[in-house]
Amino acid sequence: MTVTRAARLTGAALCVALALIAVGWILRDLAVTTGSPADLAWYWAGDHRLPLRGRSATSGLDPVLIVVYVTTAVAALRSPVAASALAATGAVTLAVRLPGLWAAATGSAALVTTLLELAIGAALLVTAAAGRRSADSAYEPLPTRPRPGPAVAAGVLLLLSGLVWAAWEVHWALELPAEITVDRFTGGRSVLAPLLAPPPGWLTAVLVLLALTAGASAFARPPYARPLGLVAGALLCGWGVMGLALAARYELLGRFPGLYGVERLSLLTSLFDLLAGAAVLAVLAGRGEQPAAPAPPWTPARPPAPPSPPPPGW
């Protein structure tokens, strides 16, 4: 199955619209902070000691999503088999923006943005499904699937990443009071997050589900395993970079032997996220494997036609 040109153009335009919305809110946050992109980047990484002139709207998730949106838009414009990429991007957008329906209620602009992004995410899914068509000829490119070796490597790394993130959420559920644990998923008052950011527990659940789903699909090697794994790898890379950047800012890397057990595990998790995400991107971004061509239908053998004119006694 391929995607019609109209659906590809529509999907690319929708992805560009999502990227522009995120860029607009980032520009707004630059005015809320000191106006320095570096300060905003440190705030995304987790350094909340910076003075703010108002509540921020974006988080470290937004620059990662911008990369995903731009990459998907380029893929839709260049490839007639980008239906899986459009669907994966739309599904992730719906998953991470859904809590904004109740968590962004304190700001009308944030709520309108959430509704708009949810509508665009749903439109991406509809575009990917409605724009599919059968190949016109045997020479038209078909969706590729991961090669066996890279698929296994990506599957193992994604499954491990999902289990690590799940283990961290279980840890916080055991350490924190029950009301705070619930707020981590619902965005309650005890969790002060940026206006557009999903609650931390909700985001962890999305990452766990995405990593486990992408990891399991990598072993089965359907065509949609590549874009799904690439999105998961991008998110893992982003979280790893932010975690290691914050550790470097607080000078934790040089004091690693003297850190507490939880601090060590957190630092090692950030390192693993970065390496695992980069490895998943590397192995899945390569050339995929074309599906095997269907075998021609079997026809019974026939005796050779007689020569013309036939010999005597034929």
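Analysis parameters
Residues take numbers from 1 onward in each chain, read along the sequence in its written order. This being a predicted model, a pLDDT of at least 70 is required before a residue's local features are given, and a value of 80 or more before pairs of side-chain atoms are given or counted; all residues contribute to the totals for chains, interfaces and linings. With hydrogens and water stripped out, all remaining heavy atoms of the structure feed into the side-chain values. Fitting a line to C-alpha atoms yields each axis, with helices limited to the stretch in contact; the angle taken between N-to-C directions then spans 0 to 180 degrees. Numbered from the N terminus, helices here are DSSP runs of H or I no shorter than four residues, and strands are runs of E no shorter than two. Left-handed describes a crossing whose near helix is turned anticlockwise from the far helix through less than a right angle; right-handed describes the clockwise counterpart. Three categories are distinguished: nonpolar for Ala, Val, Leu, Ile, Met, Phe, Trp, Tyr, Cys and Pro, charged for Asp, Glu, Lys and Arg, and polar for the others, with Gly belonging to the last. Whenever Lys or Arg places a side-chain nitrogen within 4 Å of a carboxyl oxygen from Asp or Glu, that contact is recorded as a salt bridge. Type-normalised accessible area, obtained with a 1.4 Å probe on protein chains alone, sets the label of each residue: buried when under 20%, exposed when over 50%, and partly exposed for intermediate values. Take the buried Ala, Val, Leu, Ile, Met, Phe, Trp, Tyr and Cys residues and link them wherever side-chain atoms come within 4.5 Å; each set so joined is a nonpolar core. Contacts between residues were defined by any pair of non-hydrogen atoms, one from each residue, lying within 4.5 Å. Lining residues are those with an atom within 4 Å of a point, where the points come from a 1 Å grid over the protein atoms alone and group into cavities, where a 1.4 Å probe fits but cannot get out, or pockets, open sets with protein on both sides within 12 Å along at least five of seven lines. Grid points are joined across faces, edges and corners, and a volume is the space filled by probe spheres set on the points. Patch membership is restricted to residues that have no salt bridge and whose relative accessible area is over 30%. Joining uses 9 Å for like charges and 5 Å for the nonpolar side chains Val, Leu, Ile, Met, Phe, Trp and Tyr. Using a 1.4 Å probe, the Shrake-Rupley method yields the accessible areas, and only the shown protein chains count as cover for residues. Between 30 and 60 degrees the pair is tilted, below 30 it is stacked and above 60 it is edge-to-face, where a pair is any two Phe, Tyr or Trp rings, Trp via its six-membered ring, whose centres lie within 6.5 Å. Here, a charge over a ring is recorded when the distance from Lys NZ or Arg CZ to the ring centre is within 6 Å and its angle to the ring normal is within 35 degrees. Our arc is simply the arc of the directions from the helix axis toward the C-beta atoms.

A. Geometry of the packing of helix 10 (residues 225-249) against helix 11 (residues 261-284). At a closest axis distance of 7 Å, the pairing of helix 10 and helix 11 adopts a crossing angle of 145°. Helix 11 is crossed by helix 10, and the crossing has left-handed handedness. Its residues placed into classes, the contact of helix 10 with helix 11 shows 15 nonpolar, 6 polar and 2 charged.

B. Layout of the pattern of salt bridges. Evaluated as defined, the whole model comprises 5 salt bridges. For aspartate 62, the salt bridge goes to arginine 97, with nearest N and O atoms at 2.8 Å. Placement of aspartate 62 in helix 3 (residues 61-78) and of arginine 97 in helix 4 (residues 83-97) is noted, with a sequence separation of 35 residues between them. Of the two residues, aspartate 62 and arginine 97, both sit in the buried class.

C. Structural context of the nonpolar core. Membership of the largest hydrophobic core comes to 55 residues, with the highest contact counts inside it found for Leu61, Val96, Leu210, Val231 and Leu235. Ranked by residue count, the leading element in this core is helix 1 (residues 5-32), at 10 residues. Other than its neighbours up to four places away in sequence, valine 231 contacts Val68, Ala88, Val92 and Leu210.

D. Up close: empty space enclosed by the protein. In this structure the tally under the stated criterion is 2 cavities of 30 Å³ or more. Size it by volume and the second largest cavity reaches roughly 30 Å³. Lining the second largest cavity, in full, are Leu65, Val68, Tyr69, Thr89, Val92 and Val231. Of all the secondary structure elements, the ones that give two or more residues to the lining of the second largest cavity are helix 3 and helix 4. Examining the composition of the lining of the second largest cavity, we find that 3 residues originate from one element, helix 3, more than from any other.

E. Focus on the layout of surface pockets. Taken as a whole, the largest pocket holds about 1,400 Å³ of empty space. Of all the secondary structure elements, the ones that give two or more residues to the lining of the largest pocket are helix 2 (37-45), helix 7 (148-175), helix 8 (178-186), helix 9 (200-220), helix 10 and helix 11. The residue inventory of the lining of the largest pocket, partitioned by class, reads 26 nonpolar, 11 polar and 4 charged.

F. Just a nonpolar patch on the surface, in detail. On the surface, a cluster of nonpolar side chains totalling about 430 Å² of accessible area is made up of Val152, Val156, Leu160, Leu163 and Phe219. When residues in the nonpolar patch are grouped by element, the largest group, 4 residues, is from helix 7. Mapped onto the fold, leucine 160 is located in helix 7.

G. Spatial organisation of the packing of aromatic side chains. Taken as a whole, this structure holds 2 aromatic pairs when the rule is applied. Here the aromatic rings of tryptophan 102 and tryptophan 202 are separated by 5.8 Å at their centres, their planes lie at 75°, and the arrangement is edge-to-face. Within this pair, whereas tryptophan 102 is found in helix 5 (residues 100-103), its partner tryptophan 202 is found in helix 9, the two being separated by 100 residues in sequence. Taking the relative accessible area as the measure of exposure, tryptophan 202 reaches 24% and is therefore partly exposed. Consider the rings of tryptophan 168 and tryptophan 172, whose centres lie 6.2 Å apart with planes at 25°: the pair is stacked. Taken as a pair, tryptophan 168 and tryptophan 172 lie in helix 7 at a separation of 4 residues, close to a single helical turn. Geometry around tryptophan 42 places arginine 249 over its ring, the cationic atom sitting 4.4 Å from the centre.

H. Layout of the environment of leucine 50. Residue placement: leucine 50 occurs in the loop between helix 2 and helix 3. The spatial distance from the C-alpha of leucine 50 to the C-alpha of aspartate 39 is 7.4 Å, given a sequence separation of 11 residues.

I. Local environment of unusual backbone geometry. Positive phi is not limited to glycine here, since arginine 221 has a value of about 60°. Using a relative accessible area of 16% as the deciding quantity, one classes arginine 221 as buried.

J. Looking closely at the side chain of serine 56. You can see serine 56 is positioned in the loop between helix 2 and helix 3. A relative accessible area of 2% means that serine 56 is categorised as buried. Among all residues touching serine 56, those that are not within four sequence positions of it are Arg28, Asp29, Val32, Tyr43, Pro194 and Leu195.

K. How the structure looks around helix 8. For helix 8, every residue scored as buried is listed here: Thr181, Asp183 and Arg184. Buried positions in helix 8, seen along its axis, are confined to an arc of 160° and lie on one side of it. Looking at helix 8, the residues exposed on the side facing more than 90 degrees away from the buried face are Ala178 and Glu179. Once helix 8 finishes, glycine 187 follows within two positions and takes phi at roughly 80°, a positive value.

L. Expanded view of the environment of leucine 61. Assignment of secondary structure puts leucine 61 in helix 3. Accessibility expressed as a relative area gives 1% for leucine 61, which makes it buried. Beyond its immediate chain neighbours, meaning those up to four positions away, leucine 61 contacts Val96, Pro198, Leu203, Leu235 and Trp239.

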